[in-house]
Amino acid sequence: MMLFSDESGFCLHPKLGRVWSKKGEQPYVMTRSQHNKRLNIFGWVDPVKGKHGMLKQDKGNTDGFLAMLNKILHRYKGMVIDIFVDQARWHKGQRVTEFLVQHSRLIINYIPKYHPELNFQEIIWRTMRYEETTNTYYESLDELTMSVFCRSQCWKPKKILSLCHLI
């Protein structure tokens with residue numbers, strides 16, 4: 001099994017994007033500029049089968065990374081898993097090394113620094129952010145969370161494969 005993983009954050013402040021409007025009219029996107037509230041998600045994608053998953057965490061740190069690895073191990077029971085991640089500090093260290101010793105069927109491969117284009121999960125995040133947060137106002141973090149996870153569940157394997165440029 002080959003997976004690519006990354007973490008991302010979505011804030012309540014809307015991402016402004018292009019939008020159609022009548023000539024001479026200014027489009028309006030409601031916001032309260034809530035930059036301090038953030039949804040942190042760890043995600044993974046199987047670019048061969050078109051499967052993906054996400055896990056909400058309080059922070060993007062080693063605890064969140066290890067929780068995601070546990071979820072992956074549970075989801076893919078009995079399989080050897082090669083997972084490709086960037087070189088963020090929470091993907092390395094003594095706790096991660098100890099975790100890997102305890103779970104020998106999990107192998108972490110590090111993508112070269114400054115090459116996010118090599119991580120298929122980055123494409124998933126970029127598409128998710130565009131589809132779900134561009135020009136959209138969310139009243140609460142719970143509303144944003146529900147929206148992002150519902151969007152993720154709607155994606156079929158064919159779409160994931162298309163995003164990963166494998167079909």
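Residues numbered from 1 in each chain as written. Predicted model: local features only at pLDDT ≥ 70, side-chain atom pairs only at ≥ 80, totals over all residues. Heavy atoms only, no water.

(A) Region of the structure containing the packing of aromatic side chains. For the coordinates displayed, the defined rule picks out three aromatic pairs. Where Phe4 meets Phe84, the ring centres are 5.0 Å apart and the plane angle is 20 degrees; that geometry is what we call stacked. Of this pair, Phe4 sits in strand 1 (residues 2-11) while Phe84 sits in strand 4 (residues 81-85), placing them 80 residues apart in sequence. Ring centres 6.0 Å apart and planes at 75 degrees place the aromatic pair Phe10 and Trp125 in the edge-to-face group. One end of the pair, Phe10, is in strand 1; the other, Trp125, is in helix 3 (residues 120-133), with 115 residues separating them in the sequence. Taken as a pair, Phe10 and Trp125 share a single burial class, namely buried. These aromatic residues form a ring-pair network of at least three members: Phe4, Phe84 and Phe120. (Phe/Tyr/Trp six-rings, centres within 6.5 Å; stacked < 30°, edge-to-face > 60°. Helix = DSSP H or I, 4+ residues; strand = E, 2+ residues; numbered from the N terminus. Buried < 20%, exposed > 50% of the residue type's maximum accessible area, 1.4 Å probe, protein only.)

(B) The arrangement of the pattern of salt bridges in detail. Taken as a whole, this structure holds four salt bridges when the rule is applied. Asp63 is the salt-bridge partner of Arg95, the closest N and O atoms lying 2.4 Å from each other. Taken together, the residues span a long stretch of sequence, with Arg95 in helix 2 (residues 94-102) and Asp63 in helix 1 (residues 62-75) at a distance of 32 residues. Since its relative accessible area comes to 43%, Arg95 is described here as partly exposed. Across the salt bridge formed by Glu131 and Arg151, the nearest N and O atoms sit 3.3 Å from each other. With Glu131 in helix 3 and Arg151 in helix 4 (residues 141-154), the pair connects residues that are 20 residues apart, well separated along the chain. Salt bridges sharing common partners tie together Glu131, Glu132, Arg151 and Lys159. (Salt bridge = Lys/Arg side-chain N within 4 Å of Asp/Glu carboxyl O.)

(C) Examining the packing of helix 1 against helix 2 more closely. Between helix 1 and helix 2, the least distance of the axes is 10 Å, while the angle of their chain directions is 15 degrees. With respect to helix 2, the axis of helix 1 lies roughly parallel. Here helix 1 and helix 2 pass one another in a crossing that is right-handed. Here Thr62, Asp63, Phe65, Leu66, Leu69, Asn70 and Leu73 of helix 1 come into contact with helix 2, specifically with Arg95, Val96 and Phe99. Here the contact of helix 1 with helix 2 is built from residues that sort into six nonpolar, two polar and two charged. (Axes fitted to C-alpha atoms, helices over the stretch in contact; angles between N-to-C directions. Parallel < 35°, antiparallel > 145°, perpendicular 65-115°, else oblique. Left-handed = near helix turned anticlockwise from the far one by under 90°. Contact = heavy atoms within 4.5 Å. Nonpolar A, V, L, I, M, F, W, Y, C, P; charged D, E, K, R; others polar.)

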